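What the coordinates show
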Amino acid sequence: MLIRLTEYALEVANTGASLTAAGVSSASTLRASAKRSADTVGRFGVGFAATLSVSSAPELISHGGGVRWSLEKTRQEVAAIPALAAELAQRNGHVPVLRLPYPIAPAGIADGFDTLVRLPLEDGALAYALGLLEDLDPTLLLVLPALAEVVVRIELPDRRSERTFTCRWGDSDSADAVLNGERWTGVLRAGRVDPHLLATRGVEEQRRDTFEVRVLLPQRDWPEHVPRVLRAPQPTDEPLSLPAFVIATVPVDPGRRRIVPGPLTDAMLAEIAAALVQLAERTGDLRLVPTGLPAGPVDAAITDALREALPQARMLPGDLRGADALVLDLGPASDPVTERLGDDLPALLPARYNGPRRAAARRVLGVRELGAGEFVTLLAGLARAPGWWAALYPALQGVSDRDALAALPVPLADGRTVTGPRGVLLPGAGLDASALAGLSLRLADPAVSSGPAGELLRGLGAVDADPATLLADPAVTDDDVPYTAALALIAALAPVYEGVPADLAERLLLPSADGDLWPAGELLLPGGALAQVVRPDAPFGELAADVARAYDPAVLTAAGVLDTFTVLRADEVLLDPDDPVLLELDGSDEWVAELAESRAAGPMLAGFRAIRDLELVRWPDALAVLAAPELRADVLASPYTQWWLRTHLVLGGGLTPADTAMPGELAALFAPAPDEFDSGFLEAIGVRTTVAALGDPVDLYDVLDRLGDPARELSWAQARALYLAVCTALGSSEQEPPESVRTPIGVVPGDRAVVVDRPDLLPLLGNRAPVRVPADRAPDVARMLGIPLASSLTDFRVVSEAPLTVCDADGIAHHVPWFGTHHDGTPDAQARSVAWTSGRWSERHALAAGLREPGLRDTLEAEADLD
């Protein structure tokens, strides 16, 4: 068909049957068509009358001839008949135009066309005709299957355009069409009408005893500006809610706009519904599922039938019926889980069917929705390889109902599948699963233990099964489990071996040299440092030699086997004097009691550290082990260990560290400390260094006792310095004084010694031994040693002035050069008297020199300024 619009006429040319006399007669007789076939269009004879909306002189032309109808000529013909003149007047000149055809020459038909309708345009009809062409419904070609192409050509002075509409249909067995390049999937149902349904219809309709229903669905959205109505075959006013193009031989009223109710109509509407069901099965398109309110009575009848039939229609993927299909309701996880399980659950619809947008259609189709709980129950019935589960788990991360996943199946390394991730152990990378064979552990298969799969299981209560976690499980050290499993786990912690449980040394049994099984913590590593110094009666066994050779010593010691001393560590330790044995440490009750007495620590000790088994080794051999780099820092950080070493005979010769001293001011009083250890270590275990380092008064009075020991050799200068140092260190502290005192004339009993507090008393002490110290320190030294000051012995009476005579402490008179303010007049005596009595004792020598040579006084004073 070619439609051409000029400013003067609208022309429509087409191919097909040529105009015949019968055709002219039917066009001139309203509702009397020459067409009798039921499969043709325009058989009611009303379509051509529409030409009068734009023209009063339509023309219809074929190659064999043509006719024209004319309002003007018809009016003239009627006016010429007297009997009709009055009627014409009453009609105001209106006459039926399409009654009197006038023959015209067959001219103006374009090449390739058979028939032409030419409509000379009335005034004002151009705009109307143009609007009609602009709104031309492209689906007209779907209504008229024989119409393959429509070309619309506008040839106006101010506008020229051309549009082409095409429709290509499938083969004889296909109802599909390609309209303007877009595919429309169709279904055609045709057949004979039951005669009793035609009984109430008109004569001509009764002769048409066949029906045809054609339904089509566009590949894309419903075309814009195309009404969604029932076509019979021309558009009616019966709206449809589904986006399907429906053409059916349905009875219509005389105006061709409304469907006539009745049995025939009901049968045709049922055929339409059946065709739509077939179309749904062909396309699987959910647009054909009615979900909203019907658009009218006709639409209600169709959609009700569809709601009843579609649940049994095989319109879903996999040729499924809605009643046999299911979707997942897992929240955000629905789509990824669906995509993952598509091949494993035949009844599961693809992810595009999920979500609320498809919910109404799913309900109409009867599709079952599986919540998380039902889904997990369904999974429990599946036997799948670990890799399959590893691929599924990440998709489950978005499941909103986490409680439902508590029953999720989990494949184990031993081939079993358990219900629920809680408590399942996730082996870390590098863990030798073969070493764990025979262990009754819920150890997840490595395929699901790492990556996103492991993250899901961890979030649902699974535990990272690193070697430390597995070692903490009592199953690892069950009697029927070979020790090799535990040692393999320890080996996996190399090189630092962090996380080995503290109690593993008690739980893990290893073979000893005598063939028995011993706790690892009671076995010595052959050739180890501890094995070389342990006492024969110590309660230790020795690890079997073949086991020692088979494993890295670091693995064995991490298991608890004793290579060297064991270091006990605790974050907080309660120092309870009533606890007889703190952490099973030797002498810990004495140590705690001493701490409590000295208040050196509170009731709770943080960061506690101690060396164990000190009482079970040979001394001094073991001291070298403690001083080695492996243990030195622990000794220096352990008050208990230092106390134990300080109070026990751990040095050669059966000495305690407190019996020895390093070179220095105390060396003459104590045995020499061993020179193979550094000073920091020796000082930490109690070896004496300096008086100032002796903070305990007991230790300071021990120095005083040693000073009074005549068997020790030291000069008075050394003794004097030590007395003063001890006095400074003691402060106001007082204890039982020493029995003997070292003096310049030797060691004497305390009752024979006296502290000289005045220089003029030095020759007046009688038979007493002097302790000479600075006069200002004399009272403190006397109190420390428990001996009197010289000035307190007697009143030292002056017997005569010339010569100066004074009674000594025993009452015996002695000639002296000076005494207090008295002197014999000599420069030295006078200088000493003046210096002492004026508080300038340190200047006595300068005063004496000035008295001997007065001229030197100024020089001496000048030199004194330089001191």
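This write-up is about the structure you can find in this document. Worth saying up front: this structure is predicted, and the values here are computed from it rather than measured.

**A few points about helix 28 (residues 827-837)**
Turning to helix 28, its buried residues are Ala829, Ala831, Ser833 and Ala835. Contacts from the buried residues of helix 28 go to strand 36 (818-819), strand 37 (822-823) and helix 29 (844-852). A positive phi of about 75° marks glycine 839, the residue just after helix 28.

**Here's the deal with the pattern of salt bridges**
This model, assessed by the stated rule, comprises 43 salt bridges. Glutamate 212 is the salt-bridge partner of arginine 214, the closest N and O atoms lying 4.0 Å from each other. Between aspartate 285 and arginine 287 there is a salt bridge; the shortest N-O distance is 2.9 Å. Classification of arginine 287 as partly exposed rests on a relative accessible area of 25%. Ionic contacts of the salt-bridge type, sharing partners, join the residues Arg4, Glu11, Glu59, Arg68, Arg118 and Glu155 into one network.

**Re the packing of aromatic side chains**
The way to describe two aromatic rings as a pair is by their centre distance and the angle between their planes. What the rule picks out here adds up to 12 aromatic pairs. Taken together, a centroid distance of 5.8 Å and an interplanar angle of 45° make the contact between phenylalanine 677 and phenylalanine 681 tilted. For the pair shown, phenylalanine 677 and phenylalanine 681 are each scored as buried. Joined through ring pairs, the aromatic side chains of Trp591, Phe608, Tyr640 and Trp643 make up one cluster. It is lysine 73 that lies over the ring of tyrosine 102; its NZ or CZ is 4.1 Å from the centre.

**Some details on the packing of helix 25 (residues 697-707) against helix 26 (residues 716-730)**
Any two packed helices are characterised by the angle at which their axes cross and by the distance between the axes. Across the interface, helix 25 lies against helix 26 with an axial gap of 10 Å and an inter-helix angle of 160°. As far as their axial angle goes, helix 26 and helix 25 are roughly antiparallel. In the packing of helix 25 onto helix 26, the handedness of the crossing is left-handed. Along the contact surface, helix 25 presents Pro697, Leu700, Tyr701, Val703, Leu704 and Leu707, while helix 26 presents Ala719, Leu722, Tyr723, Val726, Ala729 and Leu730. Considered class by class, the residues forming the contact of helix 25 with helix 26 number 12 nonpolar, no polar and no charged.

**Focus on the nonpolar core**
Core analysis: the biggest nonpolar cluster contains 45 residues, and Ile272, Leu276, Leu310 and Leu316 have the highest contact counts within it. Elements supplying a minimum of two residues to this core: strand 11 (210-218), strand 14 (245-248), helix 7 (263-283), helix 8 (297-309) and helix 10 (359-365). With 10 residues, the top contributor of residues to this core is helix 7. With residues near it in sequence (within four places) discarded, isoleucine 272 still touches Val213, Val215, Leu230, Val246, Ala248, Val250 and Ile302. Listed in part, the 44 residues of the second largest apolar core include Val573, Phe608, Leu614 and Leu682.

**Some words on the sheet that holds strand 34 (residues 804-807)**
On the basis of which strands lie adjacent, the open sheet formed by three strands has the order 33-34-35 and antiparallel pairing. At either margin of the open sheet sits one strand with a lone partner, and together these are strand 33 (798-801) and strand 35 (813-815). Averaged over all neighbouring strand pairs, the angle between strand axes comes to 15°, with direction disregarded. Pairing of strand 34 with strand 35, which is carried by three bridges, proceeds in the antiparallel orientation. Across the sheet, the residue bridging to cysteine 807 is alanine 813, located in strand 35.

**What about the pairing of strand 11?**
Counting buried residues along strand 11, seven of its nine residues qualify, which places the element largely inside the surrounding structure. Two strands pair when backbone bridges link them, and strand 10 (residues 182-192) and strand 11 are joined in this way by nine bridges, in the antiparallel orientation. Residue pairing for strand 11: glycine 186 is matched across the bridge by leucine 216. When strand 11 meets strand 14, the two strands line up antiparallel, connected through four bridges. Considered in strand 14, the bridge of valine 213 is made with alanine 248.

**What to know about the side chain of serine 62**
With respect to the helices and strands, serine 62 occurs in strand 3 (residues 59-62). One polar contact links the side chain of serine 62 to the main-chain amide nitrogen of leucine 19, over a distance of 2.7 Å. A distance of 3.4 Å separates polar atoms of two side chains, one belonging to serine 62 and the other to threonine 115. Those residues in contact with serine 62, other than ones at most four positions away along the chain, are Ser18, Leu19, Pro106, Ile109, Asp114 and Thr115.

**Quick look at the packing of helix 26 against helix 27 (residues 778-785)**
Running from N to C, helix 26 and helix 27 cross one another at 85°; their axes reach a closest spacing of 10 Å. Between helix 26 and helix 27, the crossing angle belongs to the class labelled roughly perpendicular. Along its contact with helix 26, which presents Tyr723, Leu724, Val726, Cys727 and Leu730, the element helix 27 presents Asp780, Val781, Met784 and Leu785. Across the contact of helix 26 with helix 27, the residue classes tally to eight nonpolar, no polar and one charged.

The rules we used
Residues numbered from 1 in each chain as written. Predicted model: local features only at pLDDT ≥ 70, side-chain atom pairs only at ≥ 80, totals over all residues. Heavy atoms only, no water. Buried < 20%, exposed > 50% of the residue type's maximum accessible area, 1.4 Å probe, protein only. Helix = DSSP H or I, 4+ residues; strand = E, 2+ residues; numbered from the N terminus. Contact = heavy atoms within 4.5 Å. Salt bridge = Lys/Arg side-chain N within 4 Å of Asp/Glu carboxyl O. Phe/Tyr/Trp six-rings, centres within 6.5 Å; stacked < 30°, edge-to-face > 60°. Lys NZ or Arg CZ within 6 Å of the ring centre and 35° of its normal. Axes fitted to C-alpha atoms, helices over the stretch in contact; angles between N-to-C directions. Parallel < 35°, antiparallel > 145°, perpendicular 65-115°, else oblique. Left-handed = near helix turned anticlockwise from the far one by under 90°. Nonpolar A, V, L, I, M, F, W, Y, C, P; charged D, E, K, R; others polar. Core = buried A, V, L, I, M, F, W, Y, C linked by side-chain atoms within 4.5 Å. Pairing = 2+ DSSP bridges. Polar contact = N/O pair within 3.5 Å; in protein donor to acceptor, adjacent residues only side chain to side chain.

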